[in-house]
Every structure is written in C-alpha cells, then in structure tokens.
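Next come the chains, spelled out residue by residue.
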Amino acid sequence: MKNAAPSYTPFKVAPIAIAVSSALAMMSSTALAAEQSTVELEQIKVVDTAQDGYAVKSAASVKYTQELVDTPQTINIVNEQVLEDQGVTSLEDALRNVAGVSTFGAGEGGGGNVNTTDNVTIRGFDANGSIYSDGIRDVAGYSRDTFNTEQIEVAKGANGTISGKGSAGGSVNLVTKAANLRGDKNSISASYDEGDTARLTGDFNKVLSDDSALRLNLMAEQGGDYWDNGEEEYKSYAIAPSYFTKVSEDTDLTINLMHMKQDNTPVIGLPFITEEVAAATGLPEGMIDEQYWDNYYGVKGLDFSEVEATTLTAILNHSLNKNWAFRNQTRFGVTETQAIITRPWPENTGTRAAPNYTGNYLTTNTKRDFSDNQLAVSQFDFLGELNTGSIRHDLVIGAEIYQEKQTSYDADLSNITRSQSSYDATNPGVTTATGSYSLTKNNVFVGQGLAAYLSNTATINDYVQLSGGVRAERYETEQDTYDSGAFQETLKSDANLLTWRAGINVKPTSNTSIYASVANAQQPYGSDISADRVRGVDAEDVRGSDPISSTTMEIGTKAELFNSKLLLSAAVFETTKDTYDTNDSDELIFGEEESKGFELSATGQLTDTLSITASYTKQDAKVTEDASSSDNVGDGLSSAPDESASVWLSYKGEKLGLGIGAEYTSGNDYWRRSEVYFTTGEVTLVNAMASYAFTENLSAQLNISNLTDERYATDYSAKGHFLPGNPRNVKATVKYDF
C-alpha cells in the first residue's frame, strides 16, 4: 500500500551493527590524548558541557555570557548524567524534570489532533515552535531522541533577543554531543524493557592528533508496545559523526552530521466516552475502562508513521585578538514526514448542531501528515570584552540569516478498502485495509528572515551588573497554494520585529545574586511555517495582522552552595501575551492571556556522592482580555497545571548507585470554547533506579518508571479519544566503557 507514495528503505538494524563494529575497531588503538578539558581561544570557549554529577555552571549558547548564577532569567538544565541515571531517551521524558513545562496536549493536541510528535507547553504557552538544537530552531514535528544530546536547556519567559521569534513561555535547546580533545572515551549501551523495547547505543570519541578528534554516536531501537495490543511498534536508528580540528592556533572548526530515521506503527488514542456516546452505549463517561486498553483501535496495513531527518552543521571559532572572537554556525537540514494514523472517532449520523451518536466508532477518520521540511541558517557572532573606565562590558554582536521551507501534500485514501467501517468500542475486532493512496501537492510555505542583535552585560563593580539586549528582525513569508495538485496562487506577508530585554543583578556575595528582568518576544504570521488561521476571519486579514507580542517580568534570586556545586533558584514571574480574537462582526482584534506565579529549583551536588535535580512551579494561567465575550475572561489555559513539581535524588558509590524520584502535577486541563472538556486530575509518578559497577568498564542498571502503576492520560482530543501514559515499566541496561 505504501508504494503509492515516496517510499523509504525498510528498517534494518544491520547498518548500526556494522557501524558499531567499525567504530570499535577505530577506537581500540592507543589514544593520542590531549590534556585540556575545553578548547579555549583567547576570548571564546567551546564549553565542555559534560559533567560529573548534575552540576551545570553555564548554558551552552555563547549568547549567555554569564554563568547561570549571574544570568537574570530562569534557566533549567537537564544534563547527560541525569538522562543516563533515569534511563531517559526522549525529549518529552527528559522535560518531566522541569516543573512548569507540560507535555500534555500542547498546540493542536486537544483540537482533534492528538500528536505522536513532541508536545511542549512552558508556563501555559505553546512552545512547539520554540524547540532548538544548538541555538538553531528545529521546526519539523517529530519525537526527538536524546542519543546525541549532551544537555537540555529550558529558558523560561519571553526571550526574543536570544532565540528570535518565538513563544511567550520560553524555549527548549538541545545541546549536541561533539568531538573533543578530552581524550579517547568510548561506551556501548544495550537495554531492554517490558514494552519489548530493545535499544543499542554507542558513543565513541577518538583523539586523532594534538589538534583533531572524531566522535561517533549511534542508536538503534525497536519496540514500544507497552499496553500489549500486538500492533504498536516504534523503530528508529540514527548515526551522528562529529569532527573537530584546530585549523590554526587561533581557529577551530567543528563539523556535525546527524541522520535519523523512524518507522513506526503508532497508536494515536483510545476511545474517550463523551456524554453523548455514553448515552448511546451505556458506558461510563470518560476514558474507556482499563480492561480495554490492550485493544488495537487502528487499521492494520494502513496506519504508519515514517520520519527521516538529516542535518549538517559547521561551527567556526576564530580569535581576533585578546579581547574579541568571531563565531559562525551554519546548518542545512531536511526532514521528511509521512504518516497515516487512524483515530477513534464516534459515529454521528446527525449533524454537529443536532448530533445522533450511534455508540460505534468509525475506522475512516485518519490523521495524515505528508510534508518535507528544509532549513538553511547561518549565525554570525562577535564576542568581546570592552572596558569603559572601571566598568567591564561583555558584548555579543551578531546577525542571523535563515530560510525555512515546508512542502505539504494531501493524501487521497479513496482507493483504500477497510474490512469494517465501524466497531463497538469494547470489542473493536481487527480492522484491516487493502488498496493504495496517492499524494498531491497542497501547499508550499517559505519563511525567511534576516536579524541583527546586540547584547551587553555591564559589570559595574563586584556587586552590581546591568544587562540589556535588542534584536531587529525582518520576517517574510511566501505561500504557494494548490488545488488537486494544480497551482492556484501565491500569498505573501511580511513583518518587522523588535525584541528587547533589560535586567539588573545585585550580588551580595560572589556566589549569590538577586535580580529583576523584563523581556519581550514576538510571533509574526506564519512563524511556525504554516498559515495562521482564526475562525470566521478572512485569511488576508490574518496575514496582514501585527505580530503577537508577549512580555515577561521576573524577579528572582540564585545561590551556589557546596563549593559552587549546587545551584538554588527562586523566582516570581508574570507573562502577558496578545492573542488573535474576533468580535461579533468577525473583525480581527486582539485578546490577552496571562501566566503568573513562582518557581523554585535545586540542581547539582549535595555531596560528592549525592546528586539532586528538583523544581516546583505554582502558576495561574488564564484569559485576561477577550473582546468577543466577557464570559471567556478568567478561563484557564490548556496544559497549564496550577502546581507541578519534580524531584530526583541519586547516590553513586564506588560500585553501587541508587536513585529515587517523583513527578507531580495538580491536573492538566483541556480548555475549548470556554469549557473544560477534560482534566487529568492530580497525577504523581514515582521512578527508581539501581546500578552496579562490576568492573571499571562494565556496569548494569535497572530503572523502574511509574513504580506505583498509575493510570493517567498524556493527551486528549475533544473529538473523542485520549492517549494513556505508560504503565509501570522495568528497564534493564548494560553498559561497557573503554
């Protein structure tokens, strides 16, 4: 059936096995190890983000010139050691360590499109378009694996001067593993869990000479049928080579390549019994009873999801003199997505206004995604130090040019024949399909921009720092529309963006700070490489509208304890965001949303053997202005729990390692049309770990997630389906370091 569309090579583990074998041979020779832990030019440093324990001193981006304790913003960092101790392999699971970040039904998730891609909400605001890799936006939608990730950074609040156009809530940045001169260091890890997920990874760093190194990261994974429906499966493999060389005494170059492929048979949801369906079937309203969660509600032979992503990045650092350095980062990326996924859909023989639900569910409603994404971006940064009298200025002067392009296709399923058109939710049987589908071009959307920015941190004396920044950006879109594959018209839009930030940092001691900051962000039309739409409003009016603006004010304090190995943070914040809205005449106007609250966090080392990462957020996220109806004022925002918390403690002795942690949310609500359609209620998940080092090289680890076997939803659609969280899962891992 799939051969009617652009095809993919069948998934094979063999290429990874061959690559691992080759890497082992390459790494087995004696290292020409260099002593340094960072590659340091006169004024620029390639920061070594690899850490022992959980302590992290700085964000990886060169745009943050100060250490975390002196940065007037809430930034939560999850490093590689946390990911390894928790057995975490996906971005969504990693973000469970950060309170105030939700992965429940963000973006379109609750609007009938439960996603199998990353869903991220920060402080109540959709951040799916603000996911970055090494400071470059990754606009494609897919589930990100962390096999090649050194650390994950969550910068909270409006942050346009650092990240450009983006979310009011903040951004997520994945820091890539790269070749380094720290010496030969290699590891192979294999794991297996109760969802029959088998995973193999390899990380090999080889010092080639005093001035060059090669690193290779590999991953292969297959499994994921945690509810034992017999059909759900996720296959992926990836390869990520990295090469570093010192071109001269003052210049170094890093080239990173990443190729990843996924071939999945996902489940997009189980039946959610709405009030109308409950009346028709006699079933209890809400999530269908747990005894039916092992049913497969998809269509065999039809449902699939394939993703293929490739990125090539070059990073050049050059020391101009003792005070100034230049850095360029250029990336080209391509992501191809093909997916047809059947979702449980209640059969309605009436209309939306006058429904008549039969109590059965249709097999014919599918979520389809056929798209190609292309990215080309280059960032130029001049980094320097300037002294005016006794005041030191840490400066970043930069520019960015980029183009993001998405080509999307309609999938015609009229030649698909299903063995049944509907089913009883409690006894769906097996639905199979034969036939083929065809694709026609639907839309080509191009967004391109040019930006210039300046930031400065002025250290007045040992006790006071002032910081500020500004970014000017020109953003243009061009959209070619098609009907049945035939070109229709070209639509254009443009916007001039101006973002800024300002802060003051008072330092009572060298390892403490008290700060206040204010910053904004802007989202122009089409910022996520898609056409923005507002119900009842002419598309031309939306294209010509002003960018959506947001502003964050934050007051906080930070302190480093225990020889600067533990960072404590506390902050109160308030973010306001404009929203598109309409009045009774369907004229485009603006409303406003607000999120305010406070946060606490602790990350690092309590002792040499005891590590902690913990955070807590209390927030009030709601609609504050709505010109279309005052009844909507006070409504909450989706995926914005009033309280959320996460804590993970680990002990690492000479041979034995132990870990225990918990995640808590007071309840994720899904708001739609001024009504809460669904709430998860309070959810607490407990996780644990035990590890043992048999030798200096060989170790084993056991992770148990959802220790108490809680039942909860990770996503929800008002159309009549939900996605359950995984049950208790035991995962065994063996690792060999050499």
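Keep in mind the model is a prediction, meaning the values are calculated, not measured.

Rules behind the numbers
- Residues numbered from 1 in each chain as written.
- Predicted model: local features only at pLDDT ≥ 70, side-chain atom pairs only at ≥ 80, totals over all residues.
- Heavy atoms only, no water.
- Helix = DSSP H or I, 4+ residues; strand = E, 2+ residues; numbered from the N terminus.
- Buried < 20%, exposed > 50% of the residue type's maximum accessible area, 1.4 Å probe, protein only.
- Contact = heavy atoms within 4.5 Å.
- Areas by Shrake-Rupley, 256 points an atom, 1.4 Å probe, with all protein chains shown as cover.
- Pairing = 2+ DSSP bridges.
- Patch = residues over 30% accessible without salt bridge, like charges linked within 9 Å, V, L, I, M, F, W, Y side chains within 5 Å.
- Salt bridge = Lys/Arg side-chain N within 4 Å of Asp/Glu carboxyl O.
- Lys, Arg positive; Asp, Glu negative; His and termini not counted.
- Charge placed at Lys NZ, Arg CZ, Asp CG, Glu CD.
- Core = buried A, V, L, I, M, F, W, Y, C linked by side-chain atoms within 4.5 Å.
- pLDDT = per-residue confidence, 0-100.
- Polar contact = N/O pair within 3.5 Å; in protein donor to acceptor, adjacent residues only side chain to side chain.
- Phe/Tyr/Trp six-rings, centres within 6.5 Å; stacked < 30°, edge-to-face > 60°.

In this section: the overall build of the protein. Looking only at helices and strands, the protein features 6 helices and 43 strands. For the protein, with 738 residues in total, the buried portion stands at 54%. Pairs at least 24 residues apart make up 68% of the contacts formed inside the protein by residues separated by at least 6 positions. As displayed, the protein offers around 30500 Å² of accessible surface, 50% of which is attributable to carbon and sulfur atoms.

So, on to the sheet that holds strand β4 (residues 101-102). With antiparallel pairing, the 3 strands of this open sheet are ordered in space as β4-β5-β6. Of all the strands in the sheet, the pair left with one neighbour each is β4 and β6 (125-126). Here strand β5 (residues 121-122) pairs with β6 via 2 bridges, running antiparallel. The residue of β6 that forms the bridge with T121 is D126.

What follows is about the sheet that holds strand β41 (residues 713-717). Across the sheet, 4 strands lie side by side as β17-β16-β42-β41; this open sheet has antiparallel pairing. This sheet does not close on itself; its edge strands, each paired only once, are β17 (286-287) and β41. Note that strand β16 (residues 270-273) and strand β42 (residues 721-724) share 2 bridges and pair antiparallel. Residue L270 lies in a different strand from β42, and its bridge partner there is F722.

Here the focus is a negative patch on the surface. A surface patch of negative charge is lined by D210, D211, E249 and D250. Inspection of the secondary structure assignment puts D250 in the loop between β14 (233-248) and β15 (251-265). We classify D250 as partly exposed; its relative accessible area is 36%.

This paragraph deals with the pairing of strand β13 (residues 212-223). With 10 of 12 residues buried, β13 is to be regarded as a mostly interior element. Relative to β13, strand β12 (residues 198-209) runs antiparallel, the two sharing 11 bridges. Within β13, the residue paired with V207 across the bridge is A213. Counting the residues in the hairpin turn of β12 and β13 gives 2 residues. Bridging between β13 and β14 involves 12 bridges; their strand directions are antiparallel. Bridge pairing links E221 to S236 in β14.

If you look at the biggest cluster of nonpolar residues, it comprises 22 residues, and the most contacted ones within it are L270, I288, Y716 and F722. Those elements giving two or more residues to this core turn out to be β16, α5 (275-281) and β41. For I288, the residues in contact, after removing those within four places along its chain, are L270, P271, I273, W293, Y297, A425 and F722. Counting residues in each nonpolar core, the second largest holds 20 residues, with V78, L83, L91 and A127 among its members.

Residue position: V464 is located in strand β28 (residues 464-483). Residue classification places V464 among the partly exposed positions, given a relative accessible area of 25%. C-alpha of V464 to C-alpha of I514: the two residues are 50 residues apart in sequence and 9.6 Å apart in space. Ignoring sequence-local partners within four residues, the contact set of V464 consists of A458, T459 and N505.

The next point concerns a nonpolar patch on the surface. On the surface, a cluster of nonpolar side chains totalling about 700 Å² of accessible area is made up of Y651, L656, L658, Y692, F694, L698, V734 and Y736. Elements supplying a minimum of two residues to the nonpolar patch: β36 (656-665) and β43 (729-737). Position of Y651 relative to the elements: it lies in strand β35 (residues 643-652). According to the relative accessible area criterion, Y651 is partly exposed, its value standing at 35%.

Turning our attention to the pattern of salt bridges. The final tally for this structure, using the stated rule, is 37 salt bridges. Salt-bridge contacts for R144 lead to D118; the nearest nitrogen and oxygen are separated by 2.9 Å. Of this pair, R144 sits in the loop between β8 (136-137) and β9 (149-156) while D118 sits in the loop between β4 and β5, placing them 26 residues apart in sequence. Given a relative accessible area of 6%, D118 falls into the buried group. A single salt-bridge network, built from bridges that share partners, covers E80, E150, K177, D203 and R215.

Once that is clear, we can look at unusual backbone geometry. Within the chain, D196 stands out as a residue other than glycine whose phi angle is a positive 55 degrees. Mapped onto the elements, D196 comes out in the loop between β11 (185-193) and β12. The backbone of S639 shows a phi angle near 55 degrees, a positive value even though the residue is not glycine. The exposure class of S639 is buried, given its relative accessible area of 2%.

To continue, consider the side chain of S191. Its place among the elements puts S191 in strand β11. Once you skip the residues sitting within four places of it in the chain, S191 turns out to touch T197, A198, R199, K731, A732 and T733.

Moving on to the confidence of the model for the protein. Within the protein, residue pLDDT values average 89, and 89% of them lie at 70 or more. Confidence drops under pLDDT 50 across residues 1-50; counting only partners more than four residues distant or on other chains, this segment forms 120 contacts. Between residues 106-112, whose pLDDT stays under 50, and residues either more than four places distant or in other chains, the model counts 27 contacts.

Right, let's talk about the side chain of K177 for a bit. Looking at the secondary structure, you find K177 in the loop between β10 (170-176) and β11. Reaching out from K177, the side chain makes a polar contact with the side chain of E80 at a distance of 3.0 Å. Apart from the residues lying within four places of it in its own chain, the contact partners of K177 are E80, F147, N148, T149, E150, D203, R215, N217 and S242.

Turning our attention to the packing of aromatic side chains. Counted under the stated rule, the structure contains 21 aromatic pairs. With 5.7 Å between their ring centres and 45 degrees between their planes, Y297 and Y423 make a pair best called tilted. Of the two residues, Y297 sits in the loop between β17 and β18 (304-319) while Y423 sits in strand β25 (residues 422-424), which places them 126 residues apart along the sequence. Note on accessibility: Y297 and Y423 belong to one class, buried. Note on Y736 and F738: the rings are 5.5 Å apart at their centroids and 25 degrees apart in plane angle, and the pair reads as stacked. The exposure class assigned to Y736 is partly exposed, which follows from its relative accessible area of 40%.

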